[in-house]
Number of protein chains: 2
Amino acid sequence: MKEKLKKLIDVAAGRIPADVVIKNCRIVNVFTGEISDGTIAFCEGHIAGIGDYEGQKEFDAEGRYAVPGFIDSHIHIESSYVRPEEIGRLLVPHGTSTIVADPHEIVNVCGIKGLDYMMEAAKRTALDIKYMLPSCVPAAPFEDAGAVIGAAEMEEPILREGILGLGEFMNFPGVINAADSDLEKIIIAKKAGKPIDGHVPGISGKELNAYASTGILTDHECSTVQEMKERLERGMYVLMRQGSACHNLRTLLKGLTPENSRRCLLCSDDRQPRTILHEGHLDNHLRICIDEGVDPVTAIRMATLNAAECYGLKDRGAIAPGYRADVVLLDDLKDFHVSRVWIGGELTAEEGRYLPEIEFYDTSSVKGSVVLKDFSAEKFKMHLKSNVINAIGILPGGVVTEKLAEKIELDKNGEFVRNPEVDLVKVAVVERHHGTGKAACGFLKGYGIKKGAIAVSVAHDSHNIIVVGISDEEMEFAVNSLARQEGGIVLVKEGKVIESMPLPIAGLMSEESGEWVEKKLTDIHEKAASELGISGEVEPVMTLCFMSLPVIPELKLTARGLFDVTSFSFIPVEHE
Amino acid sequence: MKEKLKKLIDVAAGRIPADVVIKNCRIVNVFTGEISDGTIAFCEGHIAGIGDYEGQKEFDAEGRYAVPGFIDSHIHIESSYVRPEEIGRLLVPHGTSTIVADPHEIVNVCGIKGLDYMMEAAKRTALDIKYMLPSCVPAAPFEDAGAVIGAAEMEEPILREGILGLGEFMNFPGVINAADSDLEKIIIAKKAGKPIDGHVPGISGKELNAYASTGILTDHECSTVQEMKERLERGMYVLMRQGSACHNLRTLLKGLTPENSRRCLLCSDDRQPRTILHEGHLDNHLRICIDEGVDPVTAIRMATLNAAECYGLKDRGAIAPGYRADVVLLDDLKDFHVSRVWIGGELTAEEGRYLPEIEFYDTSSVKGSVVLKDFSAEKFKMHLKSNVINAIGILPGGVVTEKLAEKIELDKNGEFVRNPEVDLVKVAVVERHHGTGKAACGFLKGYGIKKGAIAVSVAHDSHNIIVVGISDEEMEFAVNSLARQEGGIVLVKEGKVIESMPLPIAGLMSEESGEWVEKKLTDIHEKAASELGISGEVEPVMTLCFMSLPVIPELKLTARGLFDVTSFSFIPVEHE
């Protein structure tokens, strides 16, 4: 460390040449808001200084803008269906040098072993991936996730160097009600001196005071300027989200002021390869900021310095002596076209192309996660006592459902007889982590499926198997096919797999590229409509992925049965 | 911790009454820049929330402004000549709830034992005193301080809870030249993840890059807007100083912009009781800010949130749920008259009066610091070989001196024969820490002393005894008198002590009150002029206190002899 520091000082003082210099830059200074012409000198992965420097390698920026590497304040890598190494390849060419990732999907499946894998894989990409330790595994106490992470299980990982803090505290009712198990987790993070991410949609007033009083530092769930203001007032950083599913950025920018902007950051939350490949990443957030009239330096600060301050990343977020040599060259401050990206002093991306060779980390520890026991179509038998049932009604364009009372036809054994004229089919959740044999069935209205079946192993947050189909046999075949491919998405019709996207890493991530994921999802969407007849108004995959999440209204299905989110209790399938 | 947090949440949620509420406030929100009416609820020393709350105790603010407790980013308590408990009594009524103190004066005298005392004493005041570990003890390698604190001696104290980081790194030439011993100290702070204060007057360009590249985070030595800008650009926080001796605030405020203000803080550095009692503390800084046209909320942020961010004090700097209940009520945002101060939820000051009873910490570990050996007037014999000597020329109004060649009369033994018509006298430095018997003599021109002698034990940064007098006998009597009173300041005339301020704590601090110190210093200044004839243009005490500091130009005297700061070497008294 001393020899490195000595060399850095020697370069900064001009006594020895830099490793690399980038000449002819317009450097955006996030501390002063000024833009000045100059040469940036790198040494041992850090910035030695800005000034008149010589380097062993010299690069001519040709007058381009030099800005600090971008920091995504909150993202779930698993939601991109690719591995850490691959998310690096996808994001870095857009100027991203650091992401604050919450691996709570894989930890719900694999426990701390999933975190270990994500941390090891992160070492194989130039993107600096910092992790938050997932706080809510499982999301609710009555869930059948692959793992349970209580306060005791957090004591070791929270202290790890690559762990920035505690991940989004989704159980906000637990916090507001001061539940012991939640407070114990919060205290572990506070004792470690590490920040805690929040997740507190729709809460305000004294309940929000209660949540904020614990020191939970951020929220990325604001969807109105009023919510944003209430959180900023209470000292919470607001992470303005622009993901594949949720687009809050334009709305929230209306609430941005010169006085509050230092507490505002940019994040993705979820960002699928399709969105990254076609719209970009934080470069896209920045384009939107400019389009909404935000000053460019203020916008850049939200993607750099502000995030670094919020998460205690003292070595980045600015182009200044001693900072990490994470530098992005931009053609302008309007379209934010990224020309070059240096991370830790290495040229890492050039005109959209990621330069390093990738050697992927071994995935064997997180494969084979789909474990079924005694599974057969028998699990879908319902033995109903009434022909009026509670159906999950799909509301197109989102992940909220409604609770509907529907009349169905039953055979003599109390089993459902599907009427092809009515858009009502069976949906089932099959536990897939520990071979418990748990499974539960319900009914789905408005999905539009007319043939075959579809099954997924990505089902927030416990990631059991969700299957929908026109018959028990098609559903059985879909589940078995999904198990054979170790999870992912499968479409079956008449006893054949007609399309599939295997996600063998924890049943959540592929070993293929982002481009492959994009193509597969496009094909799945196309065949879901053309072959299975699923309604064009419904997103066939995402609709199922959120069908099990018992914290989003109104009616959901878990491996333990039908869950009424409004009453926060399990209810029978039969309507009362 | 869990029970406290649970109670805080319960109060915030409105389920149980607060400990204290302050009703009818205009609350300044440093996050949003807005001012809103409301009630602040306290619980267990923290803020539960702002809203409609009931409390077991209620206080009516009668529409006053509520702002976060002020944070002085850099102060040396010893420069106020009083103990930590007493500085608390003096500062808190001005709205100060936290100070970042560098105890490098006492550590130069007593070593880590001095730090221990300061930390224990700090527990006896409501003021929250955070310490920086002194980095440069002694200030230069050729000094005779009471202690030497190298990197090895820093390893334990840097990790202490009350130690925020590493104190001002004054040896900037060492840092810029990448000296091993300095880098080792820097690395110790970096490994501990703690900030390092800077001290880098007059340096710019690549040398400043070199200094900043180490991660040194602050500078409080800017005296021009240009210096301020250069430091801000490099990511250093600028601490705008308004002390008893140095007044940089008005100058630097000309460089403050909406874009850079978040990196600007307020500090005192040195603040004597006289200044505190007559002008105040950060309330005075804030008045100056307003007078210079700074927006009040921006000014308040520099005294609160910005300082908290800089020093990683995550629990303070704002009035928001979960923050420390450090709240100041102000009559207005122009004169900043402080009406009430709560610290950690306790009402601590009321209309200028500090409320808690003080129980002072035992001072015995840091007394008896003046240790002489074989001292007599013999030490002042000079055996000069030439009657042209290098004299230290006083430049009134500052601490910089000039090097003068002067002709003197010598007796047959080569000893100085004073000419009462010429303003040239002997000055001596006597080592007083380890009884080494070291002493050195030189000549002082322009001090104006006509009778007796004056001796001080406050002499930056090694704090040996400095004595000036018209004869060896008067000087000897002054030194012996000073030793008897265990340090401080003494004025003697014709073999009698005519005035004295004993500073028995490390020879630096009194056990008396700030008011006593003010009166004593006033009396000393008065008698220095009226009884000893010291020039009215010269500050009689401070001039001597800086006479030994071998980093301020041009000619200084240490216990090892005359030091030429320009050539950075010892020189003979005889002019060549």
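Small disclaimer: the values here were computed from a predicted structure and weren't measured.

Considering the overall build of chain A
- Regarding its fold elements, chain A presents 17 helices and 30 strands.
- By the compact-globule yardstick of 25 Å for 576 residues, chain A fits well, its C-alpha radius of gyration being 25 Å.
- Across its three principal directions, the C-alpha atoms of chain A cover 90 × 50 × 45 Å.
- Expressed as a percentage of its 576 residues, the buried residues of chain A come to 64%.
- Of all intrachain contacts in chain A linking residues separated by at least 6 positions in sequence, the fraction that spans at least 24 positions is 68%.
- Here chain A contributes 62 positively and 88 negatively charged side chains, and the mean placements of these two sets differ by 1 Å.

Considering the sheet that holds strand E24 (residues 453–456) of chain A
All names here are of chain A.
- Ordered in space as E19-E18-E23-E22-E25-E24-E26-E27, the eight strands form an open sheet in which the pairing is mixed. Each edge of the open sheet is held by one strand with a lone partner, namely strand E19 (401–407) and strand E27 (496–502). Shown here is a sheet whose adjacent strand axes are inclined to one another by a mean of 25°, direction ignored.
- Alignment of E24 against strand E26 (residues 488–493), held across four bridges, turns out to be antiparallel. Counterpart to Ala453 in the pairing with E26 is Val492.
- Of the strands in this sheet, strand E22 (424–430), E24, strand E25 (465–469), E26 and E27 touch helix H15 (residues 472–484), which is tilted by about 145° from E26.
- Where helix H16 (residues 514–530) meets the sheet, it contacts E26 and E27, and its direction lies at approximately 145° from that of E27.

Here's the deal with the relation of the copies chain B and chain A
- Mapping chain B onto chain A calls for a screw motion: a turn of 180° about the axis and a shift of 0.0 Å along it, with 0.1 Å RMSD after fitting. Taken together, the rotation angle and the small translation identify this as a two-fold axis.
- Taken as a fraction of all interface residues of chain B, those also at the interface in chain A reach 100%, which identifies the copy contact as same-surface.

Regarding helix H12 (residues 282–291) of chain B
All names here are of chain B.
- With eight of 10 residues buried, H12 is to be regarded as a mostly interior element.
- Within the sequence span of H12, burial applies to Leu282, Asp283, Asn284, His285, Leu286, Ile288, Cys289 and Ile290.
- Downstream of H12 by a residue or two, Gly293 has a phi angle that is positive, lying close to 90°.

Observations concerning the sheet that holds strand E6 (residues 70–75) of chain B
All names here are of chain B.
- With respect to topology, five strands assemble into an open sheet ordered E6-E7-E8-E9-E10, the strand pairing being parallel. Among the strands making up the open sheet, the edge pair consists of E6 and strand E10 (196–198). The mean inter-strand angle of the sheet, taken between neighbouring strand axes irrespective of direction, is 30°.
- In terms of strand pairing, strand E9 (residues 163–169) meets E10 through two bridges, oriented parallel. Residue Phe169 lies in a different strand from E10, and its bridge partner there is Gly198.
- Contacting strand E8 (128–133) and E9, helix H4 (residues 112–122) runs over the sheet at an angle of about 165° to E8.
- Relative to E6, H12 is tilted by about 100°, and along the sheet it contacts E6 and strand E7 (96–101).

A look at the environment of Gly414 of chain B
- Looking at the element boundaries, Gly414 of chain B is found in the loop between strand E20 (409–410) and strand E21 (416–417).
- Considering only alpha carbons, one finds Gly414 of chain B and Ala478 of chain B, 64 residues apart in sequence, at a separation of 24 Å.

Let's talk about the side chain of His285 of chain B
All names here are of chain B.
- As for its placement among the helices and strands, His285 is situated in helix H12.
- In this structure the side chain of His285 is engaged in a polar contact, spanning 2.8 Å, whose partner is the backbone oxygen of Cys267.
- Excluding residues within four positions of it along the chain, His285 makes contact with Met240, Gln242, Leu249, Leu266, Cys267, Ser268 and Arg271.

Describing the side chain of Ser135 of chain A
Residues and elements named next belong to chain A.
- Summarising the element assignment, Ser135 is placed in the loop between strand E8 (128–133) and helix H5 (151–154).
- For Ser135, a relative accessible area of 1% puts it in the buried group.
- In terms of polar contacts, Ser135 uses its side chain to reach the backbone carbonyl oxygen of Glu168, at 2.8 Å.
- If sequence neighbours within four positions are ignored, Ser135 has contacts with Met154, Leu166, Gly167, Glu168, Phe169, Met170 and Lys185.

Notes on the packing of aromatic side chains
All names here are of chain B.
- Going through the model one piece at a time under the given rule, you end up with 22 aromatic pairs over all chains.
- On the numbers, 6.2 Å between centres and 35° between planes, the contact of Tyr117 with Tyr361 is tilted. Of the two residues, Tyr117 sits in helix H4 while Tyr361 sits in the loop between strand E17 (353–354) and strand E18 (388–394), which places them 244 residues apart along the sequence.
- On the basis of relative accessibility, which here comes to 1%, the residue Tyr117 falls in the buried class.
- The partly exposed category is assigned to Tyr361, whose relative accessible area is 25%.
- With a centroid separation of 5.4 Å and 80° between ring planes, the pair formed by Phe142 and Phe570 is classed as edge-to-face. Of the two residues, Phe142 is situated in the loop between E8 and helix H5 (151–154) and Phe570 in strand E30 (residues 569–571); the sequence distance between them amounts to 428 residues.
- Since its relative accessible area comes to 15%, Phe142 is described here as buried.
- On the basis of relative accessible area, Phe570 is assigned to the partly exposed category, the value being 34%.

A short note on the pairing of strand E1 (residues 18–28) of chain B
Residue and element names in this part refer to chain B.
- Sheet topology note: the E1/strand E4 (residues 55–60) ladder contains five bridges and is parallel. By the bridge assignment, Val21 is partnered in E4 with Glu58.
- Connecting the antiparallel pair E1 and strand E2 (residues 35–43) is a turn made up of six residues, with Gly33 showing a positive phi of about 80°.

Digging into the pairing of strand E5 (residues 65–68) of chain B
Residue and element names in this part refer to chain B.
- Alternating positions in E5 separate into two faces, Tyr65 and Val67 on one and Ala66 and Pro68 on the other, with burial throughout.
- Here two bridges tie E1 to E5, and the two strands are oriented parallel to one another. Of the residues in E5, the one forming a bridge with Arg26 is Tyr65.

Some thoughts on the interface of chain B and chain A
- Contacts between the two partners involve 58 residues from chain B, matched on the other side by 58 residues from chain A.
- At the boundary of chain B and chain A, one finds 14 salt bridges.
- Linking Glu309 of chain B and Arg262 of chain A is a salt bridge whose minimum nitrogen-to-oxygen distance equals 3.1 Å.
- Where chain B touches chain A, the interface holds 26 residue pairs in polar contact (both at pLDDT 80 or more).
- Taken together, the elements giving at least two residues each to the side of chain B that touches chain A come down to helix H1 (2–12), strand E3 (46–51), helix H6 (172–176), helix H7 (180–191), helix H8 (205–213), helix H9 (225–233) and helix H14 (305–310) of chain B.

About the criteria used
Residues numbered from 1 in each chain as written. Chains lettered and ligands numbered in written order. Predicted model: local features only at pLDDT ≥ 70, side-chain atom pairs only at ≥ 80, totals over all residues. Heavy atoms only, no water. Helix = DSSP H or I, 4+ residues; strand = E, 2+ residues; numbered from the N terminus. Rg over C-alpha atoms; globule rule 2.2 N^0.38 Å. Buried < 20%, exposed > 50% of the residue type's maximum accessible area, 1.4 Å probe, protein only. Contact = heavy atoms within 4.5 Å. Lys, Arg positive; Asp, Glu negative; His and termini not counted. Charge placed at Lys NZ, Arg CZ, Asp CG, Glu CD. Pairing = 2+ DSSP bridges. Axes fitted to C-alpha atoms, helices over the stretch in contact; angles between N-to-C directions. Least-squares fit on C-alpha atoms with pLDDT ≥ 70 in both. Polar contact = N/O pair within 3.5 Å; in protein donor to acceptor, adjacent residues only side chain to side chain. Phe/Tyr/Trp six-rings, centres within 6.5 Å; stacked < 30°, edge-to-face > 60°. Salt bridge = Lys/Arg side-chain N within 4 Å of Asp/Glu carboxyl O.

So yeah, pure geometry; function would need other evidence.
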